[in-house]
Amino acid sequence: QVQLVESGGGLVQAGASLRLSCAASGPYFHLHAMGWFRQAPGKAREFVASISMAGGTIYYTDSVKGRFTISRENTKNTLYLQMTSLKPEDTAVYYCAQRSDSLASKLMGDFEFWGQGTQVTVSS
């Protein structure tokens, strides 16, 4: 069973930066695509970014393009989300997720394993 543990969330002011990390258990992290999703209060969970197993394919939702960067360090079994120019509308619980497939995807249903989430709050 894969375990995913997110960290790095917090309370920041608009315009600030944060880097989220997701530590994954298991020896096969490098074979799986990964993704970040978020859920704001009262809203459905939504796609943020995903990355293929070797990082060659990356997708972003339009609202974060140019501000967020997804990356991975396979030797450390770790996924990252660098967030810059944060806005109040980025406030949400951010979840890390893993696919059994190697290809990046924007679809929540394609991801089999999920972390517990880390809260990001951006004040105006």
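About the thresholds
- Residues numbered from 1 in each chain as written.
- Predicted model: local features only at pLDDT ≥ 70, side-chain atom pairs only at ≥ 80, totals over all residues.
- Heavy atoms only, no water.
- Helix = DSSP H or I, 4+ residues; strand = E, 2+ residues; numbered from the N terminus.
- Rg over C-alpha atoms; globule rule 2.2 N^0.38 Å.
- Disulfide = S-S within 2.5 Å.
- Buried < 20%, exposed > 50% of the residue type's maximum accessible area, 1.4 Å probe, protein only.
- Pairing = 2+ DSSP bridges.
- Axes fitted to C-alpha atoms, helices over the stretch in contact; angles between N-to-C directions.
- Contact = heavy atoms within 4.5 Å.

(A) Highlighting the overall build of the protein chain. When its secondary structure is counted, the protein chain shows 0 helices and 11 strands. Along the protein chain, helices (α) and strands (β) appear in the sequence β-β-β-β-β-β-β-β-β-β-β when read from the amino end. Relative to the compact-globule value of 14 Å for 124 residues, the protein chain shows a C-alpha radius of gyration of 13 Å, a close match. By its C-alpha atoms, the protein chain is 40 × 25 × 25 Å across when sized along the principal axes.

(B) Spatial organisation of the state of the cysteines. Tallying each qualifying case throughout the model produces 1 disulfide. There is a disulfide in this structure between Cys-22 and Cys-96, and the S-S distance comes to 2.0 Å. Residues Cys-22 and Cys-96 share a disulfide whose torsion about the S-S bond is about -70°; that sign makes it left-handed. Linking Cys-22 in strand 3 (residues 18-24) with Cys-96 in strand 9 (residues 92-98), this pair joins segments that are 74 residues apart in sequence. Note on Cys-22: relative accessible area 0%, which makes it buried. Look at Cys-96 and you get buried, because its relative accessible area is 0%.

(C) Just the sheet that holds strand 1 (residues 4-7), in detail. A sheet is described by the order of its strands in space; here 4 strands give the open sequence 1-3-8-7, paired in antiparallel fashion. In the strand order of this sheet, the two ends are held by strand 1 and strand 7 (68-73), each with one partner. For this sheet, the mean angle separating the axes of adjacent strands, direction not counted, is 15°. Bridging between strand 3 and strand 8 (residues 78-83) involves 6 bridges; their strand directions are antiparallel. Paired with Leu-20 across the strands is Leu-81, a residue of strand 8.

(D) Quick look at the side chain of Gln-98. The topology assignment puts Gln-98 in strand 9. Of the residues examined, Gln-98 reaches a relative accessible area of 2% and is grouped as buried. Setting aside chain neighbours within four positions, we find Gln-98 in contact with Val-2, Leu-4, Phe-29, His-32, Ala-33, Met-34, Phe-111, Glu-112 and Phe-113.

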